[in-house]
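Chain by chain, the residues:
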Amino acid sequence: MPEGGERRRWFLDACVLYPQLPREILLGAARAGLITPFWSPRVLEEWRIAAARAGGMAAEAEVRSLTAEITAAFPDAEVEPDAAVLEDLVLPDAADVHVAAAAARAEAAILTLNIRDFPARRLAGHGLAAVHPDGALWALYDDAPEALAPVIDRALARLSRPQTDSGRNALKRSGLPRLGKAWASRAA
């Protein structure tokens, strides 16, 4: 558990659910009690669509199965967007307003690879912040390496494509280079 026993509250954007490795780490961290995850029905649908585009019907079926699994495991994670934020907030991509509005309802930080789509000044007026998963998971690892290292090990072991290089490189390719460096240095 992070210092002070504080659990991080993160609203997971679809872009952190679609790549397998970040999703496995985030859900593993949630199962380990390190974070409290949130998502909206629309985010889960965006994940399903992205998987179907990339991997066809088999990938879509896998996402449907995983969605059922995670919604059962985290019954309080699914939130609807806050209507006031939906009406008031303007973002560069109007399609992202639902993410911010749902994060507001969850009182959670937005975890996204698309930081530029969530300008800090616009979010601040609603008490929101967007964070990149690399920085967020790196900070979590720094706070609780003994708890997160086995989660990362399991996530790497579950990759659908066999690894031909180090876990550090797999983390780097998944947009998590600082986490990969910290994780790799644990044995050094």
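In case you missed it, the structure is sitting above this.
Analysis parameters
Residues numbered from 1 in each chain as written. Predicted model: local features only at pLDDT ≥ 70, side-chain atom pairs only at ≥ 80, totals over all residues. Heavy atoms only, no water. Pairing = 2+ DSSP bridges. Helix = DSSP H or I, 4+ residues; strand = E, 2+ residues; numbered from the N terminus. Contact = heavy atoms within 4.5 Å. Axes fitted to C-alpha atoms, helices over the stretch in contact; angles between N-to-C directions. Buried < 20%, exposed > 50% of the residue type's maximum accessible area, 1.4 Å probe, protein only. 1 Å grid on protein atoms, 1.4 Å probe; cavity = no way out; pocket = protein on both sides within 12 Å on 5 of 7 lines; lining within 4 Å. Points joined across faces, edges and corners; volume = space filled by probe spheres on them. Nonpolar A, V, L, I, M, F, W, Y, C, P; charged D, E, K, R; others polar.

### Quick notes on the sheet that holds strand β1 (residues 8-12)
Next up, step 1: As summarised here, the arrangement of the four strands in space is β2-β1-β3-β4, forming an open sheet in which the pairing is parallel. At either margin of the open sheet sits one strand with a lone partner, and together these are β2 (35-38) and β4 (130-131).
Next up, step 2: Contacts from helix α2 (residues 20-31) reach β1, β2 and β3 (109-111) within the one sheet, and its direction differs from that of β2 by about 120°.

### Quick word on the pairing of β2
Next up, step 1: Every second residue of β2 is oriented toward a common face, with Ile35 and Pro37 on one face and Thr36 and Phe38 on the other, all of them buried.
Next up, step 2: Where β1 lies against β2, four bridges are found, and the strand directions are parallel. Bridge pairing links Arg8 to Ile35 in β2.

### Thoughts on the pairing of β1
Next up, step 1: For β1, the tally of buried residues reaches four of five residues, placing the bulk of the element in the interior.
Next up, step 2: Examined bridge by bridge, β1 and β3 share three bridges and lie parallel to one another. Residue pairing across strands places Leu12 opposite Leu111, the latter belonging to β3.

### Focus on the layout of surface pockets
Next up, step 1: Here the second largest pocket is characterised by a volume of approximately 210 Å³.
Next up, step 2: Contributing elements (two or more residues each) for the lining of the second largest pocket: α2, α3 (41-73) and α8 (145-157).
Next up, step 3: Each residue belonging to the lining of the second largest pocket can be placed in one class, and the counts come to five nonpolar, one polar and six charged.

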